[in-house]
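Architecture and fold: a report
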Amino acid sequence: MSGHSKWHNIKRRKETTDAKKGAAFTKFSAEIASAARAAGADPASNATLRDVVDRARKAGFPQANIDRLLGKQSAVSTQAVTYEGFGPTGTGLIIVARTDNPNRTVATLRTTLKNHGGSLGAPHSVMWKFTFDSATGQYHAKYPQTVGDSAASALGELLAELAATPDVERIFTETVQ
């Protein structure tokens with residue numbers, strides 16, 4: 001009766017549960033790091049981080065791993081960077097991000113823009129189309145543009161994917177919203 005040993009059955013069950021647990025732990029690690037990077041590594045003052053940590057603890061994520069991740073994020077120095085790009089129809093975009101690794105961030109943004117028919121621009125290729133309001137910290141289009149329905153939906157998909165990128169803080173477009 002080959003293949004019917006008790007250990008073999010236990011091993012297969014353990015492999016599947018370990019794979020599921022590993023995927024969940026990887027997801028929680030990324031969420032904890034992203035939340036800590038966005039608003040600080042203190043769960044008492046960061047509601048998003050507190051929520052992610054609570055969900056991770058309920059799923060059995062070890063407290064030692066949480067502490068290690070938060071320690072890494074508090075020790076990492078981040079910098080604010082501004083990228084300029086073009087959307088699917090040549091619409092100007094200003095992307096403000098906070099990152100610990102600008103090379104990773106620019107590669108992620110370049111890929112996302114390329115996948116949606118856009119491109120990353122050179123410095124000051126789009127900035128001239130905007131004015132910066134220092135009181136609010138926002139960029140406003142000097143010459144707002146309207147776009148068609150298909151272009152608006154393509155731009156909406158791009159903006160949604162850019163907003164989901166962990167390092168991106170704000171996105172400004174020259175289109176009329």
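Here the structure is shown first, and the text comes after it.
Structural notes, computed from the coordinates. (Residues numbered from 1 in each chain as written. Predicted model: local features only at pLDDT ≥ 70, side-chain atom pairs only at ≥ 80, totals over all residues. Heavy atoms only, no water.)

Pairing within the open sheet is antiparallel, and its four strands lie in the order β3-β1-β2-β6. On the outer flanks of this sheet lie β3 (119–120) and β6 (168–173), each paired with one strand and no other. Bridging between strand β1 (residues 79–86) and β3 involves two bridges; their strand directions are antiparallel. From the neighbouring strand, Gly-85 faces β3, where its bridge partner is Leu-120. (Pairing = 2+ DSSP bridges. Helix = DSSP H or I, 4+ residues; strand = E, 2+ residues; numbered from the N terminus.)

Turning our attention to the nonpolar core. Judged by nonpolar contacts, the single largest core of 13 residues is most densely connected at Ile-32, Leu-49, Val-53, Ala-56, Phe-61, Ile-66 and Leu-70. Of the residues forming this core, the biggest block, five residues, is contributed by helix α1 (residues 6–39). Among all residues touching Phe-61, those that are not within four sequence positions of it are Phe-25, Phe-28, Ser-29, Ile-32, Ala-56, Ile-66 and Leu-69. If you look at the next biggest cluster of nonpolar residues, it comprises twelve residues, including Leu-93, Val-106, Leu-113 and Leu-162. (Core = buried A, V, L, I, M, F, W, Y, C linked by side-chain atoms within 4.5 Å. Buried < 20%, exposed > 50% of the residue type's maximum accessible area, 1.4 Å probe, protein only. Contact = heavy atoms within 4.5 Å.)

What follows covers the side chain of Thr-112. Structurally, Thr-112 can be placed in helix α4 (residues 102–115). Residues within four places of Thr-112 in sequence aside, it is in contact with Leu-158, Glu-161 and Leu-162.

Another point: α1. Relative to the 50 Å expected for 34 residues at 1.5 Å per residue, α1 spans 49 Å between its end C-alpha atoms, a close match to the ideal helical length. Of all the residues in α1, the buried ones are Phe-25, Phe-28, Ile-32, Ala-33, Ala-35, Ala-36 and Arg-37. Phi turns positive, to about 105°, at Gly-40, one or two residues after α1. (Expected span 1.5 Å × (residues − 1).)

Two descriptors summarise a pair of aromatic rings, namely the distance from one centre to the other and the angle between the planes of the rings. By the definition in use, this model includes four aromatic pairs. With centroids separated by 5.0 Å and ring planes inclined at 80°, the aromatic side chains of Phe-25 and Phe-61 adopt a geometry described as edge-to-face. In this pair, Phe-25 sits in helix α1 while Phe-61 sits in the loop between α2 (47–58) and α3 (63–75), placing the two residues 36 residues apart along the sequence. Here Phe-25 matches Phe-61 in class, with each residue buried. Here Phe-28 and Phe-61 contribute two aromatic rings whose centre-to-centre distance is 6.4 Å and whose plane-to-plane angle is 65°, an arrangement assigned as edge-to-face. With a gap of 33 residues between them, Phe-28 in helix α1 and Phe-61 in the loop between α2 and α3 connect regions that are remote in the sequence. Assigned by exposure class, Phe-28 and Phe-61 land together as buried. Three or more aromatic residues joined by ring pairs make a cluster, and in this case those are Phe-25, Phe-28 and Phe-61. (Phe/Tyr/Trp six-rings, centres within 6.5 Å; stacked < 30°, edge-to-face > 60°.)

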